[in-house]
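# Secondary and tertiary structure notes
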Amino acid sequence: MTIKKIFAIASAKGGVGKSSITAGIAIEAAKKYKVGILDADIYGPNQHLLFEIDNKKPQIIKRNEKKLFKPVEAKGVLLNSMGLILDAEKAALWRGPMLSGAIKQLIHSTDWGDLDILFVDMPPGTGDAYLTIASEIKPDYSILVTTPNKLAIHDLLKSIELFNKLDIEILGYIVNNISNTSFEGNFNLIDKFNLKKIATIDFNNDIYNFNPNKTHNLFIDISSSIESLV
Ligand SMILES: Nc1ncnc2c1ncn2[C@@H]1O[C@H](COP(=O)(O)OP(=O)(O)OP(=O)(O)O)[C@@H](O)[C@H]1O
Ligand SMILES: [Mg+2]
């Protein structure tokens, strides 16, 4: 099992579009590469819903006495998520150590096969999950997502500082204009980090009501911009 490159899609702020963007980029990338998504949002997994596979379960196989999950395939993307493995309501009650344990299990018990790209759909925040993922899965790169909103940009600062501390290269940030505002956002706050703006995504009905069969053209561009890294 080899995974060429791992990308974490992240934001400290919740609800800025990480999961939707991860799904959109992965669907495009899977047209050319072998692609997987690890939904690391243990409390609020979403990928199984975006890909409309919430009625499926990963097959369990045994290799060298170890039980492994076979990821579920949808739109050419291999997926594993707590949402496929157990009831989200159960996971919602977990505490810190159980959370880290669950992420470790997802990471180490999934038989991804050989992948070109694994996307990790990160939960919001900067807590335990980030430390566990940094140490157990060691993403090669992170892509940050923010809205142009004041608080989101302040949270973007937190994410930048965290990934710098974790020594994970930040490829840049995506501005997701979910609320369709003409407000540009005060991105001067992050000037000192010299980060690339990868793309701006406007409000889009197909993203709002995510349809895995009809994704946004911008995802093609974002996906092509990371191809040279694989
Ligand atoms: N560009 C967009 N246009 C329209 N709706 C969008 C856009 N981006 C995201 N959304 C909507 O915004 C909401 C939040 O998106 P999403 O769940 O992908 O964010 P998230 O950052 O993964 O959230 P969480 O932090 O809870 O994991 C969803 O309802 C999604 O459909
Ligand atoms: Mg999400």
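Presented here is an overview of the structure given in this document.

Parameters and conventions
- Note that residues are indexed from 1 along each chain, following the sequence as it is written.
- Written order determines the labels here, with chains lettered from A and ligands numbered from 1.
- The model is predicted, so local features are restricted to residues of pLDDT at least 70 and side-chain atom pairs to those at 80 or more, both for listing and for counting; the totals for chains, interfaces and linings are taken over all residues.
- Being near a molecule or strand means, for a residue, that its C-beta atom, positioned from the backbone, comes within 6 Å of it.
- Numbering of helices and strands starts at the N terminus; helices are DSSP runs of H or I of at least 4 residues and strands are runs of E of at least 2.
- Amino acids are sorted into nonpolar (Ala, Val, Leu, Ile, Met, Phe, Trp, Tyr, Cys and Pro), charged (Asp, Glu, Lys and Arg) and polar (every other residue, Gly among them).
- Burial is judged by counting the other C-beta atoms within 10 Å of a residue's own C-beta: 20 or more makes it buried, 12 or fewer makes it exposed, and any count in between marks it as partly exposed, with every C-beta position built from the backbone.
- A pair of strands is treated as paired once DSSP finds two or more bridges between them.
- Interaxial angles span 0 to 180 degrees and are taken between N-to-C directions of axes, which are lines fitted to C-alpha atoms, for helices over the stretch in contact.
- Throughout, a pair of residues is in contact if the C-beta atoms placed from their backbones lie within 7 Å.

What follows covers the site of ligand 1. Around ligand 1 there are 20 residues in total, and Gly14, Gly17, Ser19, Ser20 and Tyr208 lie nearest to it. A per-element tally of the shell around ligand 1 places helix α1 (residues 18-29) first, with 3 residues. Split by residue class, the shell around ligand 1 holds 8 nonpolar, 10 polar and 2 charged.

What follows is about the environment of Arg63. The residue Arg63 is located in strand β3 (residues 59-63) in this model. Here Arg63 falls in the exposed class, since 8 other C-beta atoms lie within 10 Å of it. Put simply, Arg63 and Lys158 are 95 residues apart on the chain and 41 Å apart in space, counted from C-alpha to C-alpha.

To continue, consider the sheet that holds strand β9 (residues 169-177). One open sheet accounts for 8 strands, arranged β5-β6-β2-β7-β1-β8-β9-β10; its pairing is mixed. On the outer flanks of this sheet lie β5 (72-74) and β10 (197-202), each paired with one strand and no other. Mean inter-strand twist for the sheet, computed between neighbouring axes without regard to direction, equals 25°. Sheet topology places β5 next to strand β6 (residues 77-81); 3 bridges connect them, and they run antiparallel. Bridging across to β6, Val72 finds its partner in Leu79. Packing of helix α9 (residues 218-227) onto the sheet brings it into contact with β1 (3-10) and β10, and relative to β10 it is tilted by some 170°.

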